[in-house]
Amino acid sequence: MKSLFSTIAMALMLFSSVSQAQYLPRPSQWTELKQVIGVTSIDIKYSRPNVKGREIWGELVKYGEVWRLGANESTIFTTQFDIEINGEKLAKGSYSVYAFPGEKEWKLSFNTYTKGWGGVDYDA
């Protein structure tokens, strides 16, 4: 009985060290930015895409097509109060952020659906 207990304990220790060794960092690092602007707090959670020597704008991300900002998951923008961005009102809450990149100008879209991945989940 004692040897069975020892064997199980050794197996559990081995398994836990093997499972820890398999952790690898994400290719695009996640970060969070918090900023107080006036009376509201803005919180942005996103992953910084790695370029890896690729041509991004106009090639990987086509001009004029919807692009989910960030990498890995959607960028999440949260505000505690109603705010105004470029003259447009944005109600307090959390939003995924999408962009329509252009050669000279970008258009941003704040979407109430925050669980999406990639541009396939974009809903104007």
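Just so we're clear, the structure is a prediction, and the values are computed from it rather than from any experiment.

Moving on, we come to the overall build of the chain. Scanning the chain from N- to C-terminus turns up one helix and eight strands. In the chain, the succession of α and β elements from N to C terminus is α-β-β-β-β-β-β-β-β. Expressed as a percentage of its 124 residues, the buried residues of the chain come to 25%. In the chain, of all internal contacts separated by at least 6 residues, the share reaching a separation of at least 24 is 42%. Surface summary for the chain: the accessible area is close to 9500 Å², and the carbon and sulfur share equals 58%.

Quick look at the pairing of strand β4 (residues 76-79) now. Note: strand β2 (residues 40-47) against β4, four bridges, orientation antiparallel. Residue pairing for β4: D43 is matched across the bridge by T78. Bridge count for β4 against strand β7 (residues 93-100) is four bridges, and the pairing is antiparallel. Across the sheet, residue I76 finds its bridge partner in β7, namely S96.

For the rest of this paragraph, the subject is the confidence of the model for the chain. Low pLDDT marks stretches whose predicted atomic positions should not be read closely. For the chain, per-residue confidence averages 82 on the pLDDT scale, and 76% of positions sit at 70 or higher. By mean pLDDT, helix α1 (residues 2-21) is the weakest element of the chain at 58, and β4 is the strongest at 95.

Along the chain, E103 turns up in the loop between β7 and β8 (107-111). Residue E103 is classed as exposed on the basis of its relative accessible area, which comes to 68%. The spatial distance from the C-alpha of E103 to the C-alpha of K62 is 9.9 Å, given a sequence separation of 41 residues.

Moving on to the environment of Q35. With respect to the element layout, Q35 can be found in strand β1 (residues 30-37). With residues near it in sequence (within four places) discarded, Q35 still touches T40, S41 and I42.

In this structure, I42, I56, V61, W67, L69, F77, I83, L90, Y95, V97 and A99 together form the largest nonpolar core, which totals eleven residues. At three residues, the largest contribution of residues to this core is made by β7. Ignoring any residue separated from it by four or fewer positions in sequence, one finds V61 in contact with I56, W67 and P101.

The rules behind each value
- The numbers attached to residues start from 1 for each chain and follow its sequence in the written order.
- Reporting in this predicted model follows two pLDDT cut-offs: at least 70 for local features of residues, and 80 or more for side-chain atom pairs to be given and counted; totals over whole chains, interfaces and linings ignore these cut-offs and use all residues.
- To obtain the side-chain values, all non-hydrogen atoms of the structure were included, while hydrogens and water were left out.
- Secondary structure counts use DSSP, requiring at least four H or I residues in a row for a helix and at least two E residues in a row for a strand, with both numbered from the N terminus.
- In this scheme, a residue with accessible area under 20% of its type's maximum is buried, one over 50% is exposed, and one in between is partly exposed, where area comes from a 1.4 Å probe on protein chains only.
- We call two residues contacting when some pair of their heavy atoms lies within 4.5 Å.
- Surface accessibility in these figures is a Shrake-Rupley result with a 1.4 Å probe; residues are shielded only by whichever protein chains are displayed.
- Think of it this way: DSSP has to see at least two bridges between two strands before they count as a pair.
- For every residue, the predictor assigns a confidence score, pLDDT, that lies between 0 and 100.
- Definition used in this section: a nonpolar core is a set of buried Ala, Val, Leu, Ile, Met, Phe, Trp, Tyr and Cys residues joined via side-chain atoms within 4.5 Å.

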